[in-house]
Amino acid sequence: MDRRRLLLGAAGAATVALGGAIGWHRRRIVQPAAQLRYPGMEAGHALRDGAALPPAAGTHRTGIAILGAGVAGLSCAWKLAREGRRDFVVVSGPEFGGNADAGLHGGLAYPRGAHYLPLPSRESGHVREMLADFGLIQRGADSAEPYYDERVLVHSPQERLLRNGRWEEALLPLHDVPPEDLRQHQRFEALVDRLRTQRGSDGRRLFAVPLTLSSADPEWRALDALTFSAWLDREGYRAPTLRWYLDYCCRDDYGAGTDTVSAWAGLHYFASRDGHAANAAGGAVLTWPGGLAPLVSMMCDAISAALGHRDWLLDGLAARAEVGDRGARVHCVDGARGYAIEAARLVSAMPLAVAARVLPPLRRWGYDVRDHASPHAAWLVSSFMMQSYPVEQPGEPLAWDNVVYEGQALGYVVSTHQLLRVAPSPRTVFTAYQALSKMSPGAARQWLLSADAETLREAASADLIAAYGEAFWRHADALEITARGHAMATPAPGYLSNPGLAALREADGVVQFAHADLSGYSVFEEAAWWGVRAAHRLLGAPAG
């Protein structure tokens, strides 16, 4: 028996024994009250409604002001500090870390947003450099297969799928699938394998991360004119199991299904990922109990170490900016206190919907919100604090990522999965993800505003109830629901040729733009790319 099976067998036996020994059947089911979080909503609505600003009590003068402390803003600051710049500040914004935020309950960390990082490819040299700087790549950062810190490589079992009352090992169904449908699975997988290495007429890989390093071959870019669903129909991919899987993947990364996402983006999801590790299998990812929040902390620590202080990070949020030919003045708000920043250069690391409220009209830089804004998906990220483990259905044991076939949501991750032990930790956190993709983005935001705690709890627990039944509530003693009305941009058809986004990417004056919105979708590598690229420009160096 190998080590993986030994560990999983012991863990499964301990789980069943724990559930039986406590005698849960004698306890009354009580659903915990939901603690609701709406990060950025109050501040965003105040900007939208033109709320009065408190007078500035003081002024910070600096060379560079970075507005926003999400992944893009902090990546910019990390690169500036690493290259020796000292004259900058970062305004934290309404949610420090943005979509890489995390929570803590009873000593257990859990994600409130992004929860994993795929192994970065060679095109993602900026991410490899960062991981090497933090000691997460231990050697060979420039090689085809770097050696990673074993503690952050996701442990087995990585994922499983609940289907027909049984947990299967992979997310793409393999059991009880008609032969013709399996042939479609295999044909799609073979296509993806070819596309991962195929290059366009300009010599670049067809699909790369960051997106801007992908081939501009017009034959392939033409796929951005139709939806992924339409392309699948055209190519004869109709197997229900394959179509469900591809739709799930699009909802997971883009917040919308195959009927909304660009065909180019749909293929990019699969064919752009080609990172490898010397000490992990293909398809491995990096993760922590708190999702990607530790990377945010590592960036902050590296910046503070380089500068010798933590005064570079300012509390509050940017509310209004005046931009001239030689610099900018930014009015910031921290609770009831106001302060100003005067800087020679600005980096707008805010979502574009926010930047449009803070900066002068973005038409000045070639971007018109009415014509160029991408749709933004709404999400629920819900963490269930578990005092014990529920009894599992047959099949594969509890994994890091657990998905319900044809479920209402996107499954759930287990925060303590990386704390590798022979038996489960006594307590854990299950974090469930749900893209509200069955509604239009506007309708989903209205629903989030009007839904009460009970309604949100019912939506948040949908997949967990499907997996464990109402008995699930006997094991959960607290619940936190984070509602993100503008969680991520969705790459709808035409996003590759969006002239407004192209204009902001090239802006290189007093204001630099750095946010994943510039890519048209939200992942760590894209956000970090725009932050590092802005830093390169401010340093007067090529972006690579």
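Being a predicted model, the structure only gives us computed values, none of them experimental.

Scoring rules and cut-offs
Residues numbered from 1 in each chain as written. Predicted model: local features only at pLDDT ≥ 70, side-chain atom pairs only at ≥ 80, totals over all residues. Heavy atoms only, no water. Phe/Tyr/Trp six-rings, centres within 6.5 Å; stacked < 30°, edge-to-face > 60°. Helix = DSSP H or I, 4+ residues; strand = E, 2+ residues; numbered from the N terminus. Buried < 20%, exposed > 50% of the residue type's maximum accessible area, 1.4 Å probe, protein only. Pairing = 2+ DSSP bridges. Axes fitted to C-alpha atoms, helices over the stretch in contact; angles between N-to-C directions. Contact = heavy atoms within 4.5 Å. Salt bridge = Lys/Arg side-chain N within 4 Å of Asp/Glu carboxyl O. Arc of directions from axis to C-beta. Disulfide = S-S within 2.5 Å. Parallel < 35°, antiparallel > 145°, perpendicular 65-115°, else oblique. Left-handed = near helix turned anticlockwise from the far one by under 90°. Nonpolar A, V, L, I, M, F, W, Y, C, P; charged D, E, K, R; others polar. Core = buried A, V, L, I, M, F, W, Y, C linked by side-chain atoms within 4.5 Å.

What am I meant to see in the packing of aromatic side chains here?
Under the definition given, this model contains 23 aromatic pairs. Ring geometry for phenylalanine 188 against tyrosine 237: centres 5.6 Å apart, planes inclined by 90°, an arrangement best described as edge-to-face. Of this pair, phenylalanine 188 sits in helix α5 (residues 179–197) while tyrosine 237 sits in the loop between α7 (228–234) and α8 (240–254); the two residues are 49 residues apart in sequence, bridging distant segments of the chain. We classify phenylalanine 188 as buried; its relative accessible area is 3%. Here tyrosine 237 falls in the buried class, since its relative accessible area comes to 3%. Seen from their ring centres, tyrosine 254 and tyrosine 521 are 5.5 Å apart, and the 90° between their planes marks the pair as edge-to-face. With tyrosine 254 in helix α8 and tyrosine 521 in the loop between β21 (511–513) and α17 (524–539), the pair connects residues that are 267 residues apart, well separated along the chain. Chaining the aromatic ring pairs together yields one cluster made of Phe188, Phe228, Trp231, Tyr237, Tyr245, Tyr254, Tyr269, Phe270 and Tyr521.

It is not clear to me how the sheet that holds strand β19 (residues 428–435) should be interpreted in this structure. Could you clarify?
Ordered by their spatial adjacency, eight strands build an open sheet running β1-β20-β16-β19-β18-β17-β9-β10, and the pairing between neighbours is mixed. Two strands lie at the open edges of the sheet, namely β1 (34–37) and β10 (166–168), each paired on one side alone. Pairwise comparison of adjacent strand axes, ignoring direction, gives a mean angle of 25° for this sheet. Direction of pairing for strand β9 (residues 159–163) relative to strand β17 (residues 401–404): parallel, over a ladder of four bridges.

Mind showing me how you'd approach the environment of alanine 109 here?
Locating alanine 109 in the fold gives a position in strand β5 (residues 108–111). Between the alpha carbons of alanine 109 and tryptophan 288 there is a distance of 8.8 Å; along the sequence they are 179 residues apart. Every residue in contact with alanine 109, bar those within four places of it in the chain, is listed here: Gly103, Leu104, Pro289, Gly290 and Ser415.

When you look at the pattern of salt bridges in this model, what are you seeing that I'm missing?
Side chains that differ in sign of charge can pair as their charged atoms come close. Evaluation of the coordinates by the stated rule reveals 30 salt bridges. Between arginine 82 and aspartate 133 there is a salt bridge, and its shortest N-O distance comes to 3.6 Å. Pair noted here: arginine 82 is in helix α3 (residues 71–82) and aspartate 133 is in helix α4 (residues 125–133), with a separation of 51 residues, a long-range link. The partly exposed category is assigned to arginine 82, whose relative accessible area is 39%. Relative accessible area serves as the criterion here: at 35%, aspartate 133 is assigned to the partly exposed category. Among the salt bridges present, the one from glutamate 235 reaches arginine 234, with a minimum N-O distance of 3.1 Å. When its relative accessible area of 54% is taken as the criterion, arginine 234 is described as exposed. Taken together, the salt bridges that share partners define one network made up of Arg37, Glu95, Asp101, Arg112, Glu480 and Arg484.

So what exactly am I meant to see when it comes to helix α14 (residues 453–460) here?
Residues lying three or four places apart along an α-helix face the same way, a consequence of the helix completing one turn every 3.6 residues. Within the sequence span of α14, burial applies to Leu456, Arg457, Ala459 and Ala460. Here the buried residues of α14 occupy an arc of 165° about the axis, which is enough to place them on one side. Turned more than 90 degrees away from the buried face of α14 sit Glu454 and Glu458, all of them exposed. Tucked inside the fold, the buried residues of α14 contact β1, β16 (376–386), β19, α13 (441–450), α15 (462–468) and β20 (476–489).

Explain the pairing of β16 to me, please; I cannot follow it from the model alone.
Most of β16 sits inside the fold, with 11 of its 11 residues counted as buried. The pairing of β16 with β20 spans 10 bridges and is antiparallel. Bridge pairing links methionine 386 to alanine 476 in β20. With eight bridges connecting them, β16 and β19 associate as antiparallel partners. Along β19, the bridge assignment pairs valine 381 with tyrosine 433.

Can you walk me through the state of the cysteines in this structure?
Each disulfide is one covalent bond, formed between the sulfur atoms of two cysteines. Scanning the model with the defined rule gives zero disulfides in all. With no disulfide of its own, cysteine 249 lies closest to cysteine 250 among cysteine sulfurs, the gap being 7.0 Å. By relative accessible area, cysteine 249 is classed as buried at 2%.

What exactly am I supposed to notice about the packing of α3 against helix α10 (residues 293–307) here?
Relative orientation and spacing of two packed helices are given, respectively, by the angle between their axes and the distance between those axes. For the pair α3 and α10, the least separation of the axes is 9 Å and the interaxial angle reads 30°. Taken together, the axes of α3 and α10 lie roughly parallel to each other. Relative to α10, α3 is oriented so that their crossing is left-handed. Taken together, the residues of α10 that come into contact with α3 (itself represented by Val71, Leu74, Ser75, Ala77, Trp78 and Ala81) are Val296, Met299, Cys300, Ala302, Ile303, Ala306 and Leu307. Taken together, the residues that form the contact of α3 with α10 break down as 12 nonpolar, one polar and no charged.

How should the environment of arginine 61 be read in this particular structure?
Position of arginine 61 among the secondary structure elements: in strand β2 (residues 56–67). Measuring from C-alpha to C-alpha, the distance between arginine 61 and aspartate 87 comes to 9.1 Å, with 26 residues separating the pair along the chain.

Please clarify how the pairing of β20 should be interpreted in this entry.
For a regular strand, the rule is simple: side chains alternate between the two faces of the sheet. When you tally the buried positions in β20, you get 12 out of 14 residues, the bulk of the element. Here β1 pairs with β20 via four bridges, running parallel. Across the sheet, arginine 37 pairs through a bridge with threonine 482, a residue of β20.

Could you clarify how one ought to interpret the nonpolar core in this entry?
Note that soluble globular proteins tend to have their nonpolar side chains buried in a common cluster. If you look at the biggest cluster of nonpolar residues, it comprises 85 residues, and the most contacted ones within it are Ile66, Phe88, Ile341, Leu346 and Leu359. It is α17 that contributes the most residues to this core, nine residues altogether. If near-sequence neighbours (up to four positions away) are discounted, phenylalanine 88 is found in contact with Thr62, Ile64, Ile66, Ala77, Leu80, Ala81, Ile303, Leu307 and Trp312. Counting residues in hydrophobic clusters, the runner-up holds 54 residues, among them Val192, Tyr237, Cys250 and Met488.

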